[in-house]
Protein chains: 2
Amino acid sequence: MHSEPRRSANIPPVARLIEALQRLPGIGPKTAQRLTFYLVRAPVEEVSELAQAIAELRAQIRFCSVCHNITVADPCGICASEARDRDRICVVEEPLDVSALERTGEYHGLYHVLHGVISPVDGIGPDDLRIDALMARMRAGGIDEVILATNPNLEGEATAMYLARLLSPLGVRVTRLARGLPMGGDLEYADEVTLSRAITGRREV
Amino acid sequence: MHSEPRRSANIPPVARLIEALQRLPGIGPKTAQRLTFYLVRAPVEEVSELAQAIAELRAQIRFCSVCHNITVADPCGICASEARDRDRICVVEEPLDVSALERTGEYHGLYHVLHGVISPVDGIGPDDLRIDALMARMRAGGIDEVILATNPNLEGEATAMYLARLLSPLGVRVTRLARGLPMGGDLEYADEVTLSRAITGRREV
């Protein structure tokens, strides 16, 4: 006697939006249905603002050709800035992690976004990440320190170990965020104080 | 030292979408951020399909001038259909309730969507609902039964009572959806009110 909620909407534009929303992570059929019916009656400006914001996201967003963070201009504001410490690179998994670190105000160097972590279970190897691009930046010279800021979980640690092995022959200082971060946690959810402590307490690998 | 996650995205198109998503019911700042960063990297067809589905929802959807359900054509498919039992009207709170009842395949009559319930706490009175339109349909004649299918909670019951008082002088049959134990439910977990209703509403097998 179980029915699929998405079938409930036999009106094409409604069914279509429910279907599109369901593809988003963490949005199930019921939530998709509730959001759709909310949008049916929400102020029309709110709805068109949402549609435009989604449409223009991809039109305006690109990836920085240097650090691979998301950006509007290429290179991104951080890579282009002379005010940053250009002799250190902080390596993170995701663009969200750059946002989190910037919020602390503790770090003034450059970044490098891997866009993932090494995860054999998910079939993600080193070649699927922006590791080649990082090594190219290292070869270009001028970098004294690489801070490995991957998440403090299994995949993040493994990726950091992998990078440390690649980087140590280059004679640069390779550091890792201090264990102020709770194991098994997620960097993007860390509060600023914990994250600040983790930056100031970073250690040689 | 609590920071607002939305500040994290200092890239205008990202900040804009996070802000727009946050206005949706049940979507907090963290979820809005996660969805936005998902959309940054999702297949571009998926993202533009979502944007278009939202934009076209309001362009294509209107309310049926007869039953006030959402529809593409006016009158809606149900109101226009000669195959439906045109002598009965099922009164529901929301368009979603029509979908739920249609899915049962048990009801073949017409509908009337109130778009809410009487709720003095929220400042919603009878004039805020499509009750006048329902009474106009009644005056037009041909209706033998009105099924009050508002939700079995305080506001839904109050609204049903209010409608029953308005409708009974018209000499039509006024019914309410049966209350009792939900199918697949467990008697020991049923609340007292439901169980009381199930006892008083018991039927010959």
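A quick note: this is a predicted structure, and the numbers were derived from the prediction, not measured. Note that residues are indexed from 1 along each chain, following the sequence as it is written. Chains and ligands are labelled by the order in which they are written, letters from A for the one and numbers from 1 for the other. Thresholds applied to this predicted model are a pLDDT of at least 70 for local features of residues and 80 or more for the giving and counting of side-chain atom pairs; totals over whole chains, interfaces and linings are not thresholded and use all residues. Excluded from the side-chain calculation are hydrogens and water; included are all heavy atoms of the structure.

**Brief notes about the environment of Pro126 of chain A**
Residue and element names in this part refer to chain A. Among the structural elements, Pro126 can be located in the loop between β4 (109-113) and α6 (131-139). To sort residues, take the accessible area from a 1.4 Å probe on protein chains only and compare it with the maximum for the residue type: under 20% means buried, over 50% means exposed, and anything in between is partly exposed. Accessibility expressed as a relative area gives 25% for Pro126, which makes it partly exposed. In the structure, Pro126 is positioned 103 residues away from Arg23 in sequence and 27 Å away in space, judged by C-alpha atoms. The contact definition used throughout considers only heavy atoms, calling two residues in contact when any of these lie within 4.5 Å. If we ignore the near neighbours within four places in the chain, the residues touching Pro126 are Ile118, Ile131 and Tyr162. Comment: elements are numbered from the N terminus, with helices defined as DSSP H or I runs of at least four residues and strands as E runs of at least two.

**Here's the deal with the packing of aromatic side chains**
Residue and element names in this part refer to chain A. Between the rings of Phe, Tyr and Trp (Trp by its six-membered ring), a pair exists once the centres lie within 6.5 Å; its type follows the angle of the planes, with under 30 degrees stacked, over 60 edge-to-face, and the other angles tilted. Tallied over the entire structure, the rule returns 2 aromatic pairs over all chains. Between the aromatic rings of Tyr107 and Tyr111, the centroid separation amounts to 5.2 Å while the plane-to-plane angle is 65°, which identifies the pairing as edge-to-face. For Tyr107, a relative accessible area of 6% gives the class buried.

**Structural notes on the sheet that holds strand β6 (residues 173-176) of chain B**
Residues and elements named next belong to chain B. Taken in spatial order, the 4 strands line up as β4-β3-β5-β6 in an open sheet, and their pairing is parallel. This sheet does not close on itself; its edge strands, each paired only once, are β4 (109-113) and β6. Neighbour to neighbour, the strand axes of the sheet diverge by 25° on average, direction disregarded. As paired strands, strand β5 (residues 145-148) and β6 are joined by 4 bridges and run parallel to one another. Looking at β6, one finds that Leu148 is bridged to Arg176. Any two strands with at least two DSSP bridges between them are considered paired. Only C-alpha atoms enter the line fits that serve as axes; for helices the fit covers just the stretch in contact. Angles between N-to-C directions range over 0 to 180 degrees.

**Digging into the packing of helix α3 (residues 44-60) of chain A against helix α1 (residues 12-22) of chain B**
Contact geometry of α3 of chain A with α1 of chain B gives a least axis separation of 9 Å together with a crossing angle of 155°. For the element pair α3 of chain A / α1 of chain B, the angle class is roughly antiparallel. For the crossing formed where α3 of chain A meets α1 of chain B, the hand is left-handed. Contacts from Glu49, Leu50, Gln52, Ala53, Ile54, Glu56, Leu57 and Gln60 of chain A of α3 of chain A reach α1 of chain B at Pro13, Val14, Arg16, Leu17, Ala20 and Leu21 of chain B. Under the scheme applied here, ten amino acids are nonpolar (Ala, Val, Leu, Ile, Met, Phe, Trp, Tyr, Cys and Pro), four are charged (Asp, Glu, Lys and Arg), and all others, including Gly, are polar. Residue composition of the contact of α3 of chain A with α1 of chain B, grouped by class: 9 nonpolar, 2 polar and 3 charged. For classification, angles of less than 35 degrees are called roughly parallel, those exceeding 145 degrees roughly antiparallel, those between 65 and 115 degrees roughly perpendicular, and all remaining angles oblique. For any pair of crossing helices, the crossing counts as left-handed if the nearer helix is rotated counterclockwise from the farther one by less than a right angle, and right-handed if it is rotated clockwise.

**Topic: the pattern of salt bridges**
Any two side chains of opposite charge can pair, on the condition that their charged atoms come close. What makes a salt bridge here is a side-chain nitrogen of Lys or Arg within 4 Å of a carboxyl oxygen of Asp or Glu, nothing more. In total, this model carries 14 salt bridges over all chains according to the counting rule given. Arg84 of chain A is paired through a salt bridge with Glu102 of chain A; the nearest N and O atoms lie 2.8 Å apart. Separated by 18 residues along the polypeptide, Arg84 of chain A in the loop between α4 (77-80) and β3 (85-92) and Glu102 of chain A in helix α5 (residues 95-104) bring together distant segments of the chain. Looking at Arg84 of chain A, the relative accessible area reads 14%, which means it is buried. What you see here is one network of salt bridges that share partners, running through Arg16 of chain A together with Glu49 and Glu56 of chain B.

**Quick look at the environment of Asp127 of chain A**
Residues and elements named next belong to chain A. Mapped onto the elements, Asp127 comes out in the loop between β4 and α6. The exposure class assigned to Asp127 is exposed, which follows from its relative accessible area of 73%. Considered as a pair, Asp127 and Arg173 are 46 residues apart in the sequence and their alpha carbons are 24 Å apart.

**Considering the confidence of the model for chain A**
All names here are of chain A. The predicted model of chain A averages 87 in pLDDT, with 92% of residues at 70 or higher. The lowest-confidence element of chain A is strand β7 (residues 203-204), averaging 68 in pLDDT; the highest-confidence one is β4, averaging 97. Across the chain, each position has a pLDDT score giving the predictor's confidence in that residue, from 0 to 100. The low-confidence segment residues 1-8 (pLDDT under 50) makes 11 contacts with residues lying over four places distant or belonging to another chain. The complex prediction reports pTM at 0.70, with the ipTM value standing at 0.73.

**Here's the deal with the nonpolar core**
One finds Leu50 and Ile54 of chain A together with Leu50 and Ile54 of chain B to be the most contacted residues of the largest nonpolar core, which totals 45 residues. Residue assignment for this core shows that the elements contributing at least two residues are α1 (12-22), α2 (29-41) and α3 of chain A together with α1, α2 (29-41) and α3 (44-60) of chain B. With sequence-adjacent residues up to four places away left out, Leu50 of chain B is seen in contact with Leu17, Ala20, Leu21, Leu24 and Ile54 of chain A together with Leu39 of chain B. Here, the term nonpolar core denotes a set of buried Ala, Val, Leu, Ile, Met, Phe, Trp, Tyr and Cys residues that are joined through side-chain atoms within 4.5 Å. If you look at the next biggest cluster of nonpolar residues, it comprises 40 residues, including Leu129, Met138, Leu187 and Ala190 of chain A.

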